[in-house]
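Here is what each chain is made of, one letter per residue.
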Amino acid sequence: MAFEEFVRKELGATTFATSLDDPKTQLFHLSRQSFEDLSAWTKDARNAAGEPVALLSGYVDVMRPNAFADRWQGHQIVAMNSSLFAAASEFALFCFTQPSFFPDIGDPSKETGPSPIDDRVPGIWLLDYTAGGGHVGDAHSDQVIPKDTDRYFAGLWLGQLMARFVWLHELAHAVNGHVNYAGRNGLSTRLYELPMDAIETSGPQPMPLDPETSKCLEFDADQSAFYGSLNIQKHDIENIESIAAFDRPTRTQLALFAAYAMIWLIEQFEGWYSANARDSHPEPSLRLQNLFRTLATTADELGAEIVTHNSMVIDAFDAVQAAIPKLYVARDLRARIQDAELMDALKAYDPRLDVLKAELKTDQFSARP
Ligand SMILES: [Zn+2]
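Residues numbered from 1 in each chain as written. Predicted model: local features only at pLDDT ≥ 70, side-chain atom pairs only at ≥ 80, totals over all residues.

**What about the overall build of the chain?**
Just so we agree on the cut-off: Numbering of helices and strands runs from the N terminus, with a helix taken as a DSSP run of H or I at least four residues long and a strand as a DSSP run of E at least two residues long. What the globule rule says is 2.2 Å times the number of residues to the power 0.38, and the radius of gyration is computed from C-alpha atoms. Distance between backbone-placed C-beta atoms decides contact: two residues are in contact if it is within 7 Å.
If you tally the helices and strands in the chain, you get 15 helices and six strands. Against the 2.2 N^0.38 benchmark of 21 Å for 369 residues, the chain shows a C-alpha radius of gyration of 20 Å, consistent with a compact globule. Along the first, second and third principal axes, the C-alpha atoms of the chain reach 60 × 45 × 40 Å. Counted over contacts in the chain with a minimum sequence separation of 6, partners at least 24 positions apart contribute 71%.

Take a look at the structure:
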């Protein structure tokens, strides 16, 4: 109820209602429910001032893909536009129509490896089509969803992992103290993933964070989300049963692919918005580099096999890239990981991030015994 009130009063929008009993919205519902369960630890978490997280999460019924963290009436808010979930799901399903994408799942020989409709990126196509008043019918489904049942479901679960990466990223903005830090400095507490939005309220708005600080917080949120989503698999705490049913290597690889694919898809949304997010968000190449670096620096904790998984996931992009030429190419990704210039560009943010992390100590929430 409180989330609905926030969306109505602060965004002038409506929530996207979901239910496990409604075939049209049950996947949305599952995603948020899974996220809320994984975030149960926040119920006991406090910041230095003893303030609780009082997490509220939900979907906003808006056509433009976006997600954000905010605070409102003592609650930390984590929100996703329903269109972002829909687009990620469509993209994930499309991946499994390509027979050499995760070929050990289901019967890939049933897949025809179609091209995207109108050569538009899956996910973006859906947004354009529904914006034009179109309804997704069987012809659409036939072309861009997997034929094999196991691969169809695997596509749905990959979509869940992509959405989880977004939820965990927004949660990091809240619990790592980013939102309160912005508020403490008299700045706008609403941290969007994509710039501006049709749902932006009118009237004077508090200033956003300065670009360098904002980019550092994005790196920090990505690190937390990435590390968190991989640890869910490592520690076997996956709470979506059908994902948990995969062996650990497979679900780890799906989680890795989901994070990289989400970074890529957000870059495509930026193009769709014809907007420039660079003032507040790092170059997508640096966001990806940040994930690669996170993987390298946490490989000891995540287990040495993570490197092998990562290599397989990088190759998996080539299986889809044939159909989506703009997508990452394995060869380029490998070159990026070794790219000293790119790594230096990322490291240039480290001093500011170190200072910020010290400043965030009073804002961050942690569970206390
Ligand atoms: Zn963010």
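**Topic: the nonpolar core**
Heads up, the rule is: What we call a nonpolar core is a set of buried Ala, Val, Leu, Ile, Met, Phe, Trp, Tyr and Cys residues whose membership is set by joining through C-beta atoms within 7 Å. Each residue is classified by how many other C-beta atoms fall within 10 Å of its C-beta atom, where C-beta atoms are placed from the backbone; a count of 20 or more means buried, 12 or fewer means exposed, and values in between mean partly exposed.
If you look at the biggest cluster of nonpolar residues, it comprises 101 residues, and the most contacted ones within it are Ala88, Leu158, Met162, Phe165, Ala258, Ala259 and Met262. The biggest single contributor to this core is helix H6 (residues 149-175), with 14 residues.

**Things to note about the sheet that holds strand S4 (residues 75-81)**
Which entries qualify depends on this criterion: One bridge is not enough; two strands pair if DSSP finds at least two bridges between them.
If you walk across this open sheet you meet the four strands as S2-S4-S3-S5, and the pairing is mixed. Sheet topology places strand S2 (56-60) and strand S5 (191-192) at the edges, where each strand pairs with a single neighbour. Across five bridges, the pairing between S2 and S4 is parallel. In the strand pairing of S4, Leu56 is matched with Ile77.

**Digging into the packing of helix H2 (residues 26-38) against H6**
Stated formally: Here an angle of 0 to 180 degrees is reported between the N-to-C directions of two axes, which are lines fitted to C-alpha atoms, with helices fitted over the stretch in contact. Oblique is the label for every angle not falling under 35 degrees (roughly parallel), over 145 degrees (roughly antiparallel), or within 65 to 115 degrees (roughly perpendicular). By the definition used in this description, the sense in which the near helix is turned from the far one sets the handedness, with an anticlockwise turn below a right angle giving left-handed and a clockwise turn giving right-handed. Gly counts as polar in this scheme, as do all residues outside two lists: the nonpolar Ala, Val, Leu, Ile, Met, Phe, Trp, Tyr, Cys and Pro, and the charged Asp, Glu, Lys and Arg.
Where H2 contacts H6, the two axes come as close as 10 Å, and the packing angle between them is 45°. The angle between the axes of H2 and H6 places the two elements in the oblique class. Helix-helix and strand crossings are classified by hand; for H2 and H6 the assignment is right-handed. The segment H2 lies against H6, with Leu27, Leu30, Ser31, Ser34 and Phe35 engaging Leu156, Gln160, Ala163, Arg164 and Trp167. Counted by class, the contact of H2 with H6 contains six nonpolar, three polar and one charged residues.

**Here we look at unusual backbone geometry**
Non-glycine residue Gln73 carries a positive phi angle of around 45°. Locating Gln73 in the fold gives a position in the loop between strand S3 (67-72) and S4. Assessed through the 12 C-beta atoms surrounding it within 10 Å, Gln73 is described here as exposed. Located in the positive-phi region is Asp236, a residue other than glycine, with phi close to 55°.

**Things to note about the packing of helix H10 (residues 248-273) against helix H11 (residues 284-302)**
Where H10 meets H11, the axes come as close as 10 Å, and the angle between the chain directions of the two elements is 170°. Classified by the interaxial angle, the pair formed by H10 and H11 is roughly antiparallel. In this structure, H10 uses Ala259, Tyr260, Ile263 and Glu267 to contact H11, whose residues at the interface are Pro284, Arg287, Leu288 and Leu291. Residues of the contact of H10 with H11, tallied by class, amount to six nonpolar, no polar and two charged.

**A few points about helix H3 (residues 82-95)**
Basically, it comes down to this: How far a helix is expected to stretch is found by multiplying one less than its residue total by 1.5 Å.
Counted at 1.5 Å a residue, the expected span for H3 with its 14 residues is 20 Å, and the 20 Å between its end C-alpha atoms agrees. Across the 14 residues of H3, 14 count as buried, placing the element largely inside the fold.

**Focus on the environment of Leu342**
In this structure, Leu342 sits in helix H14 (residues 340-347). Apart from residues no more than four positions distant in its own chain, Leu342 is found in contact with Ser285, Gln289 and Arg336.

Honestly, that's just the spatial picture; any functional story needs more than this.
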